[in-house]
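# A structural walkthrough
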Amino acid sequence: QVQLVESGGGLVQAGGSLRLSCAAPGRTFSIMGWFRQAPEKERELVAAIRWSGGGTYYADSVKGRFTISMDNAKNTMYLQMNSLKPEDTAVYYCAALSGAVYYIPGDGSKYNYWGQGTQVTVSS
């Protein structure tokens, strides 16, 4: 069973930074991404990246603040989060999609594999 291992969440003050990591030992995918879900809100795609390079997606709310990247040699995806805001507080989930795709889907149901989630809390 494929396991995505997340790390890097925590508590930070507004304006601070965190880096999330998602490791996928021994596996490759078509697309990997980060979703988040805040209490009483729907899950949303924050950022995603093609495993082979050549395409990324960012939600409008994080553009210019978050950066998604891949280290293919380590089978690890990262999300660098800068200038964090209290509204970024949520549980962040790593997700991966295998198989041929021609676009980066925003619908979480399209993703085959999920991490356990990591809490990010931004205090004001």
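Here's a quick rundown of the structure. For clarity, every value in this text was computed on a predicted model and none was experimentally measured.

So, how was this worked out
Residues numbered from 1 in each chain as written. Predicted model: local features only at pLDDT ≥ 70, side-chain atom pairs only at ≥ 80, totals over all residues. Heavy atoms only, no water. Phe/Tyr/Trp six-rings, centres within 6.5 Å; stacked < 30°, edge-to-face > 60°. Lys NZ or Arg CZ within 6 Å of the ring centre and 35° of its normal. Disulfide = S-S within 2.5 Å. Helix = DSSP H or I, 4+ residues; strand = E, 2+ residues; numbered from the N terminus. Buried < 20%, exposed > 50% of the residue type's maximum accessible area, 1.4 Å probe, protein only. Pairing = 2+ DSSP bridges. Salt bridge = Lys/Arg side-chain N within 4 Å of Asp/Glu carboxyl O. Contact = heavy atoms within 4.5 Å. Core = buried A, V, L, I, M, F, W, Y, C linked by side-chain atoms within 4.5 Å.

### Things to note about the packing of aromatic side chains
Counted under the stated rule, the structure contains 6 aromatic pairs. Ring centres of Tyr111 and Trp114 lie 6.4 Å apart, and the angle between their planes is 65°; on these two criteria the pair is classed as edge-to-face. An aromatic cluster of at least three residues, connected via ring pairs, comprises Phe35, Tyr93, Tyr111 and Trp114. The aromatic ring of Phe35 is capped on one face by Arg43, whose charged end is 5.6 Å from the ring centroid.

### Comments concerning the state of the cysteines
Counted by the stated rule, this structure contains 1 disulfide. In this model, Cys22 is linked to Cys94 through a disulfide, with the two sulfur atoms separated by 1.9 Å. The disulfide joining Cys22 to Cys94 has a torsion of about -65° about its S-S bond and is therefore left-handed. Placement of the pair is Cys22 in strand β3 (residues 18–23) and Cys94 in strand β9 (residues 90–97), with a sequence separation of 72 residues. As far as the burial class goes, Cys22 and Cys94 line up, both buried.

### Observations concerning the pairing of strand β5 (residues 44–50)
Judged by how many residues are buried, β5 sits mostly within the fold: 6 of 7 residues are covered. Both strand β4 (residues 31–37) and β5 contribute to a ladder of 6 bridges, which runs antiparallel. In the strand pairing of β5, Gly33 is matched with Ala48. Taken together, the 3 bridges between β5 and strand β6 (residues 56–58) define a ladder with antiparallel strand orientation. Paired with Ala48 across the bridge in β6 is Tyr57.

### A closer look at the pattern of salt bridges
Applying the stated criterion across every chain yields a total of 4 salt bridges. Of the charged contacts in the structure, one is a salt bridge between Glu44 and Arg36, with a shortest N-O distance of 2.7 Å. You can call Glu44 partly exposed: its relative accessible area is 32%. By sharing partners, the salt bridges in this structure join Arg36, Glu44, Arg65 and Asp88 into a single network.

### Thoughts on the environment of Ala90
By the element assignment, Ala90 lies in strand β9. Judged by its relative accessible area of 2%, Ala90 falls in the buried class. Spatially, the C-alpha atoms of Ala90 and Val122 are 8.9 Å apart, while their sequence positions differ by 32 residues. Excluding its chain neighbours within four sequence positions, the residues that come into contact with Ala90 are Arg36, Gln37, Ala38, Thr118, Gln119 and Val120.

### Remarks on the nonpolar core
With 30 residues, the main nonpolar core has Met32, Trp34, Met77, Leu79, Met81 and Tyr92 as its most contacted residues. Mapped onto this core, the elements with two or more residues apiece are β3, β4, β5, β7 (66–71), β8 (76–81), β9 and β11 (118–123). With 4 residues, the single largest contributor to this core is β9. Residues in contact with Met77, not counting those within four places in the same chain, are Leu20, Ser21, Cys22, Met32, Gly33, Trp34, Ile49, Ile68, Ser69, Met70 and Cys94. Judged by nonpolar contacts, the second largest core, of 8 residues, contains Ile31, Phe35, Leu45 and Ala48.

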